[in-house]
Structures are given as structure tokens and as C-alpha cells.
Amino acid sequence: MRNFFGRHCEYEREQDMTSRVKVSPHHNMDSDVLVLCLLRRRRKRLEKRRLWVHPILRTRNERGEFHSLIQELRLDEDRHKEYFRLCPADFDRLLRMIAPLIERQDTTLRQAIGPAERLAICLRFLATGDSYHTISKSFRVGKSTVVGIVPSVATAIWESLAGEYMPVPQESDWRAIAEGFSSKWAFPHCLGAIDGKHITIKAPADSGSLYYNYKGQFSIVLLAVVDANYLFRVVDIGAFGKSSDGGTLSASALGRALRDGTLNLPDDEPLPNGEHLGKVPFVFVGDEAFPLRKHLLRPYPGRAIPADQRIFNFRLSHARRIVENAFGIMAAQFRVYHRVMELSPCNAEKIVQATTILHNFIRWGHQNSPSTTGSADPSTALNAAGRMGSNTASREALAMCYS
């Protein structure tokens, strides 16, 4: 209240100064006009600052989007899903999971925005990619309120869902993923398709060329491993846009665990009907941007290659495209990816985390998570440094491919 009364006194002083300038005969007319313009401009700013809540925002409970349109949409499941990408039942289920993290306490000065409305604001931003200014006008809340709500709710979504809908895979989970690729995409011993996606953001201040990618845009990188059902199983978010896919993998937690042998991968086994080839390792499949490793396969290089290598490239590409399809499905659901994110890299990471876990939440629906043996620690999404890795294939991987 001290600040309010201070502004009120300042406003009265400005009015007094304005009246004195108007009646003073000792000032030059040009200087009087200039002073009057400046004082009137400042008085208008003070009048705006005197408003505790803007009159338009005071009608939020009657005319705001959450209290009017959204309540009607809950009666139509298809339109509700089109609006939020979630049906009313899934919206309520998600709300129950994250409500303790996003609920705020009422004060004597104002009533807090409820958890349901906070979730609605965040989901609408993810679904449309509209600016904070547009979202604030639709829901009749302040722009600064939306700026605080979206990242906080996105973080709560990730923290609440990651342990159940993106658990750290254990050996049994890797075997189930390999079985899915073998039965659906005719590629045995495949632990997942891996690829990177550039998330376009506004150029961060004083970042130089760290986020500048080969497409001529500023971006952070989403590195993901996807299973045969288009579900994200491991993600690494936040690498600099200048990094290649191979460099991002090398600097990520996934790449370090792959090098150190701490991913709990299944032991080498013979391929189905291929006992004469001996034991073959389980592998991830990627494109030419990734290095050839014992547990990471890429296509044979070149065009003039033998028929058997062309067949192998076809099979590998058939399995690898699943990760690109998953990126496309997620971007079609959450159209925030169709625009340049006017966010800091830190907040952009939170948005990507929320959309990847919501993608899994939507695709799994009401089914149980495929794994409850994995760790609930969502540490698979770590900030990757921009360190570049070597694309030189190991002797062991070359020997396996050309044997």
C-alpha cells in the first residue's frame, strides 16, 4: 500500500506542476508546450499504474474463455479434444496429477487463479503456439501472469508424468522394444530409432553462433529414441543448435551411457533363423549423421553399393523413419512447433519436455505404462553441451557390418 499512496502523491504533484506551467507568464511558449507534453505523457502513465486490476480483467469470471467457452466445450468431447488436444476425461486426469504442484493460495488482496485454469492456459499455448499477449486477452488475465503460468505448468507436467510415462528403460523394457520392431517393422534386435530435431527459437541475447544451425536459424536440439509404437523412450533436450546429431549424441547422457555400457542393454544373441552368424548385439538405428558403433547402426554410405547392402539400407530406413514420424505427430498435435518460440532457451526446454511427455500421455491413453521397473528419475532429459563427437566407426562395428 505504501507504493500505491506514493504513486498517488506523485500524481498529485504532477497535476500541481502542470497547473503552474499553464499559468506562468515567465516561460518561453515553446518550452511550456514541451513541458506540458512531457507532463501529460507522464500523467497518463501514472493513471495506468494506479489501476490495481484493469477493468477488462475484472470480468474474467464472467467473460473469460475458461469460464465461458471452455465450460461449453466440456459438453462436446470432440471439440474439447480439438481445442486442448485432450478429451475432458484426460484433462481431468492430468489435472489431478499436477494440481498439487500448480495450486496457489488466495490472499487478502486477490483470489488466485485455480489449477484448472492454469492448466488450460498452458495447454492452449502448447496447442496453438499463440503469443502470450493473445492468450492473456482470451483468458482475461495479465500478460505477466501468462508468462509465469506457462513455464511453471510445463515443468509440473514433466515432473508429474515423466516417472510413469517415460521411465528409464531396463533390460526387460529394451527386449520388449526390440520385439516390437521385429514384429511391426521387420528389423530384429532394434532398441529404438534415434534422431535429432531442431526446435526454432528466438536468437538468445549475447549467444553468438552457439544456437545458429545449418538451416540458418537459431535452435535447440531435441535428441530422442522412439520405440515401435511412436513413443519417446529417451530424450535429451537443450543442445546448442550448431551441434550435429552425432555431436549431440556424443555429449548427451545417452551417449555417455552408451559408451560406458551402463544402459542395461540385453546381451548379444543370435538373430532369428541366423544362428550360423553367431551372436549379434542389440542396436539403435540412425541416419548418416550418427557414427557407426557396436550398438548404433547407420546406412551403408554411397550409391554404387551391392544389392545386399541396398536391401539392408531399405530395412534400416524402414525402421528409422519411426522417429521422424513421431516428431511429425507431436508437431501436428502441438502447433507451438510451427512457429518460432519467442522464449529463452531455458523456457523452450520446458516446453519441449512438456510436449514430449504429453505425447506419450496421449498415445498411452488409459492403458498402464509399459514398464514399472524403470527408475522414476526423469534424468534422461539433460542439458547437452555443444561438444562435437567423432564419427569414426569403431573396428568392432565395422567387423560386425562386413562379416
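Residues numbered from 1 in each chain as written. Predicted model: local features only at pLDDT ≥ 70, side-chain atom pairs only at ≥ 80, totals over all residues. Heavy atoms only, no water.

## Looking at the pairing of strand β1 (residues 190–200)
(1) Moving on: Most of β1 is tucked away: 9 of the 11 residues are buried.
(2) Moving on: Note that β1 and strand β6 (residues 283–285) share 3 bridges and pair parallel. Across the sheet, the residue bridging to glycine 192 is phenylalanine 284, located in β6.
(3) Moving on: Across 8 bridges, β1 lies against strand β2 (residues 219–226) in antiparallel orientation. Its bridge partner lying in β2, threonine 200 is registered against serine 219. (Buried < 20%, exposed > 50% of the residue type's maximum accessible area, 1.4 Å probe, protein only. Helix = DSSP H or I, 4+ residues; strand = E, 2+ residues; numbered from the N terminus. Pairing = 2+ DSSP bridges.)

## Considering the packing of aromatic side chains
(1) Moving on: Evaluated as defined, the whole model comprises 12 aromatic pairs.
(2) Moving on: For the pair tyrosine 212 and phenylalanine 218, a centre-to-centre distance of 5.3 Å together with 65 degrees between the ring planes defines the contact as edge-to-face.
(3) Moving on: For tyrosine 212, a relative accessible area of 40% translates into the label partly exposed.
(4) Moving on: Three or more aromatic residues link up through ring pairs in this structure, and these residues are Tyr83, Phe84 and Phe91.
(5) Moving on: Over the face of the ring belonging to tyrosine 83 we find arginine 124, whose NZ or CZ atom lies 3.8 Å from the ring centre. (Phe/Tyr/Trp six-rings, centres within 6.5 Å; stacked < 30°, edge-to-face > 60°. Lys NZ or Arg CZ within 6 Å of the ring centre and 35° of its normal.)

## A closer look at the pattern of salt bridges
Close approach of charged atoms allows side chains of opposite charge to pair.
(1) Moving on: Under the counting rule described, the total for this entry stands at 11 salt bridges.
(2) Moving on: The shortest N-O distance in the salt bridge between aspartate 92 and arginine 74 comes to 2.8 Å. Taken together, the positions of aspartate 92 in helix α7 (residues 88–102) and arginine 74 in the loop between α5 (69–73) and α6 (77–84) put the pair 18 residues apart, joining distant regions of the chain.
(3) Moving on: With a relative accessible area of 30%, arginine 74 lands in the partly exposed category.
(4) Moving on: Salt-bridge contacts for aspartate 268 lead to lysine 294; the nearest nitrogen and oxygen are separated by 3.6 Å. Of the two residues, aspartate 268 sits in the loop between α13 (253–260) and β4 (269–271) while lysine 294 sits in the loop between β6 and β7 (296–297), which places them 26 residues apart along the sequence.
(5) Moving on: Three or more residues joined by partner-sharing salt bridges are found here, namely Glu171, Arg175 and Glu269. (Salt bridge = Lys/Arg side-chain N within 4 Å of Asp/Glu carboxyl O.)

## Some thoughts on the environment of leucine 86
(1) Moving on: Tracing the sequence through the fold places leucine 86 in the loop between α6 and α7.
(2) Moving on: On a C-alpha basis, the gap between leucine 86 and leucine 123 in space is 8.9 Å, while along the polypeptide they are 37 residues apart.
(3) Moving on: The contacts of leucine 86, once residues within four sequence positions are left out, are His80, Lys81, Phe91, Leu94, Leu123, Phe361 and Ile362. (Contact = heavy atoms within 4.5 Å.)

## Notes on the packing of α7 against helix α10 (residues 143–165)
For any two helices packed against each other, one specifies the crossing angle of their axes together with the interaxial distance.
(1) Moving on: Two numbers describe how α7 lies on α10: the axes approach to 9 Å, and their chain directions differ by 120 degrees. Comparing their axes, α10 and α7 come out oblique. Between α7 and α10 lies a crossing of right-handed hand. Contacts from Arg93, Leu94, Met97, Ile98, Leu101 and Ile102 of α7 reach α10 at Val153, Ala156, Ile157, Glu159, Ser160, Leu161, Glu164 and Tyr165.
(2) Moving on: Here the residues of the contact of α7 with α10 are counted per class, giving 10 nonpolar, 1 polar and 3 charged. (Axes fitted to C-alpha atoms, helices over the stretch in contact; angles between N-to-C directions. Parallel < 35°, antiparallel > 145°, perpendicular 65-115°, else oblique. Left-handed = near helix turned anticlockwise from the far one by under 90°. Nonpolar A, V, L, I, M, F, W, Y, C, P; charged D, E, K, R; others polar.)

## Section: the nonpolar core
(1) Moving on: Counting residues in hydrophobic clusters, the biggest one holds 98 residues, and the most contacted among them are Ile157 and Phe284.
(2) Moving on: The element that contributes the greatest number of residues to this core is α10, accounting for 11 residues.
(3) Moving on: Setting aside its immediate chain neighbours within four residues, isoleucine 157 contacts Ile98, Leu119, Cys122, Ala354, Ile357 and Leu358. (Core = buried A, V, L, I, M, F, W, Y, C linked by side-chain atoms within 4.5 Å.)

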